[in-house]
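Geometric and topological summary
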Amino acid sequence: MKHKLLFNPVLIFGILITAFASSADAQDFNESYLTPPEEISEEILAPSHLNVTLDALSTDGNFFINRKRSGITPLSRFAKPHYNIAGLQIDRRANRTRSLTTQRATIGLELVNTRTGERSELNVPNNLTISNPEWSPDGSKIAWLGHSENETHIYVTDVQSGNSRQITRRPLLATLNSSFEWTSDSRSIFAVLIPEDRGAEPQRPETPTELIVRSTSEGDNRLRTYQSLLEDKFEGELLEYYITGQLAKIDTQNRRARNIGSPAMIRNVDAAPSGDHVVVQTIQKPFSYIVPVSRFGWAEEIWDLDGEPLVTLRTSEANEGDSDEEYMEDNGRRNIQWRPDGEGLSLLVKPVDEEDEEEGEEKPEKEEEESEESKIADRVIQWLPPFGEGDQNVIYESEREMRSVAYSADGEILFITQRRSGDEELFAVYAADTSDTYPIYKYDTDDFYDNPGNLSYQRSSSGEWAVRLNEDESNVFLSGTEYFEDVEENAPRPFIDRVEIQSGESERIFQSSEDYYESVESILTANSDQIIIERESPEEYPNYWLVDLNSNERTQLTENQDYNEALAQAPRDRFKVTRSDGIEFWMEVVMPPEWDGEPLPGLIWHYPREYDDQEDYNESNRWHNKNSYPRIGTRTPDIMAKAGYAVLKPDWPIVGDRGTANDNFVWSIVQNSTAVIDSSEAKGYIDRHRMAIGGHSYGAFGTSNAMIHTSFFKAGIAGAGNYNRTLTPLGFQRERSDLWRGMDRYMQMSPIFWADRLDGALLMYHGEEDQNVGTWPTNSRRMFHALNGIGKTAAMYMYPHEAHGQAAEETLLDMWTRWVDWLDVHVK
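Residues numbered from 1 in each chain as written. Predicted model: local features only at pLDDT ≥ 70, side-chain atom pairs only at ≥ 80, totals over all residues. Heavy atoms only, no water.

1. Here we look at the packing of helix H8 (residues 665–682) against helix H9 (residues 698–709)
- As a packed pair, H8 and H9 sit with axes 10 Å apart at the nearest point and diverge in direction by 80°. By the angle between their directions, the pair H8 and H9 is classed as roughly perpendicular. The segment H8 lies against H9, with Phe-665, Val-666, Ile-669, Val-670 and Ser-673 engaging Tyr-698, Phe-701, Gly-702, Asn-705, Ala-706 and His-709.
- Of the residues contributing to the contact of H8 with H9, the split by class is 7 nonpolar, 4 polar and no charged. (Axes fitted to C-alpha atoms, helices over the stretch in contact; angles between N-to-C directions. Helix = DSSP H or I, 4+ residues; strand = E, 2+ residues; numbered from the N terminus. Parallel < 35°, antiparallel > 145°, perpendicular 65-115°, else oblique. Contact = heavy atoms within 4.5 Å. Nonpolar A, V, L, I, M, F, W, Y, C, P; charged D, E, K, R; others polar.)

This is how it looks when you write it as structure tokens:
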């Protein structure tokens, strides 16, 4: 496993692989981690984690949970030994998915009063990081996962006292399934634990006993280029060891765990509110060597508390092709869910023509006694324990296929969605009399600006989601966002509509103002007359407010602040540019906070996207929000403005007829670069003779192409890119032609085939553990090898333990140091 097990960097402290083809004055190629000047580091290390986030509303609507977070994750957490196996990253010491170890840590929990914003801290152990806080259905307790260095356990906090205690004696197996489920009585929790008598981890034989064998599958198999797939039988054994867990029902009071069945490779768990049955998805063999574990075969069954499968709901073979549906056998069952009233399962089932089930018999011609319109096409079924064929009740029948069904908390009102000829319809049906239907909305799904919103939901007493009704159960509520055709004049405006079920009459009870973006975060009351919004504008940092819709009184609940305010409020300009071929697109320019009005060296930061035509591009801009506040993150290119650059952030359209846009890839890059630079120079923002270009992932691909096919750029920054499209021979992005049908296109777009024409100095960086499809690190290594061999100016930085996007504190500080240094030498 030496190629899959990653070690601590202090053992291999050749941390950054750096090299250059020609000398550059004042360039720092130190192999140690570097730290940028304070004006840059203060943006990266800004303590935004101190702000309050309102998560997980309590069942009674009185409290939110605020997760107290730490700062950026240190490299030491990323360096912890782990496996990349079958597309799954496993912290092998702690038996959990690696992301639970490397994510920004939650180190405490607070209750936030929904009416006053007052916060009270809960008592949690100080040696843990926290994830997955979940309210019990009765609102008296909060369960959460506590992660120590080598274990994950479930803890339960009593809301009244604020005290927490560990309820699992055995650690969780949180590799494939890292969640848990409350029962409706708030007494028990279902989770997957490490099996008893598990045994030691398999060890690879020193002398191989088997070789790697692959054979092609039947027919076309247009799979993407997945990373870290199973290599051999031993890796399959290792994977099985780390995903085989014991399903258990844990009593939160006496901490006793009841094992349910035998250990299995459990993919998902959905417990019945009663706690008497569980829908369990398990991974099935044989394993696949050509797709990740997320696409392995699986079976979904209902288990009783002895672990006996009562019925198989659905199965799927390994998805080794393009379509999920091609491999799944649903046995005619769809939209499977536990009913919110606790009365069994709900599912949609199309009726089976009995004649279709009789094979080999001659079938008489049907008499036209009934039209196709009157034929039953679909049914809502209630399936009660013990889930035999005789335990099914037909709740509603429809002459048209149904897409989904939802319920009121007591299960007495059904809300059914259907689609036909592009129209979507939502209507209500009363279970006591299904002969009448009550339309809630009907709209053309192609009409983007006429979307009525979505039903609002709340937790029922069983813990399941139910449609929100007002106190007398006569109204439902639709929550959505109204969009406008002129996005520069009108910002999106979130809304809540109240709809009377029986009449269908609708009334807008809330809409965001024109000058702020006010998103509806939560509804606190049955009548939806008290809501929580998050309000922001280009000048006002987002904060949470309580809004009383009866009195229109507003109470600010949080005092969150922008720790990057100077940069967020730096001079900005958004404007439209036009290419010589008539294509128009938008761009934003960010100037330094203390800009004196003189033209500056510029950095274009971009990401190419394919469009059929101008209309297709315009439609992609419909979500633009002119009332949003500028957010600065650790990798936001705006930070380069603090180093004295004009940062240009254009859209980057690659335009051509559907399926052929990439025939115009190089042309579009030349056109986009010219239009952006000409327009920015005309407005006095840039010195066109001191320009750089950069991008991450497909933006790195675009960067190298721009430096090859234009002479505008003195330098480029290319992160985690692909530079050779022949390494993705079955397609990439929106490209659907394979290499052999589109060879000219693939060659023309691949920078490595044109590396001798690169103009300017190219900095490449890459995470050594990039798992993204199509951008494995060999791309950067091979491109650097080529540039080095033909005398171009380039550098490459390989970051240990990093994936597709750099995340560790040491990495981010070093990355920005080298970016600024590179541009200062080659552009300024």
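2. Overview of empty space enclosed by the protein
- Taken as a whole and assessed by the stated rule, the structure comprises 1 cavity of 30 Å³ or more.
- Estimated volume of the largest cavity: approximately 40 Å³.
- In terms of lining, the largest cavity is formed by Asn-177, Ser-179, Phe-180, Glu-181, Phe-190, Ala-191, Val-192 and Val-269.
- When residues of the lining of the largest cavity are assigned to their parent elements, the largest contribution, 3 residues, is made by strand E13 (residues 188–193).
- The residue inventory of the lining of the largest cavity, partitioned by class, reads 5 nonpolar, 2 polar and 1 charged. (1 Å grid on protein atoms, 1.4 Å probe; cavity = no way out; pocket = protein on both sides within 12 Å on 5 of 7 lines; lining within 4 Å. Points joined across faces, edges and corners; volume = space filled by probe spheres on them.)

3. Some remarks on H8
- Taking 1.5 Å per residue as the helical rise, H8 with its 18 residues ought to reach 26 Å, and the 26 Å between its terminal C-alpha atoms agrees with that figure.
- By the burial criterion, the buried members of H8 are Phe-665, Val-666, Ser-668, Ile-669, Gln-671, Asn-672, Ser-673, Ala-675, Val-676, Ile-677, Ser-679 and Ser-680.
- Trailing H8 by a residue or two, Gly-684 shows a phi angle of about 85°, which is positive. (Expected span 1.5 Å × (residues − 1). Buried < 20%, exposed > 50% of the residue type's maximum accessible area, 1.4 Å probe, protein only.)

4. A look at the sheet that holds strand E35 (residues 517–523)
- Spatially, E35-E36-E37-E38 is the arrangement adopted by the 4 strands of the open sheet, whose pairing is antiparallel. Looking at strand neighbours, the two that pair on one side only are E35 and strand E38 (553–556), the edges of this open sheet. For this sheet, the mean angle separating the axes of adjacent strands, direction not counted, is 30°.
- Two elements, strand E36 (residues 530–536) and strand E37 (residues 543–548), share 6 bridges in a ladder whose sense is antiparallel. Counterpart to Arg-535 in the pairing with E37 is Asn-543. (Pairing = 2+ DSSP bridges.)

5. Structural notes on the confidence of the model for the chain
- Counting all residues, the mean pLDDT for the chain is 92, and 93% of those residues have values of 70 or more.
- Here residues 1–24 scores under 50 on pLDDT; set against residues more than four positions off or in separate chains, the count is 72 contacts.
- For the stretch residues 354–361, pLDDT sits under 50, and the model shows 5 contacts to residues farther than four places along the chain or on other chains. (pLDDT = per-residue confidence, 0-100.)

6. Looking at the sheet that holds strand E34 (residues 506–511)
- If you trace the 4 strands from one edge of the open sheet to the other, you get E29-E32-E33-E34, paired in antiparallel fashion. Where the open sheet ends on each side, the last strands, each with one partner, are strand E29 (454–455) and E34.
- Pairing geometry for strand E33 (residues 493–500) and E34, over 5 bridges, is antiparallel. The residue bridging Asp-497 from the neighbouring strand is Arg-508, located in E34.

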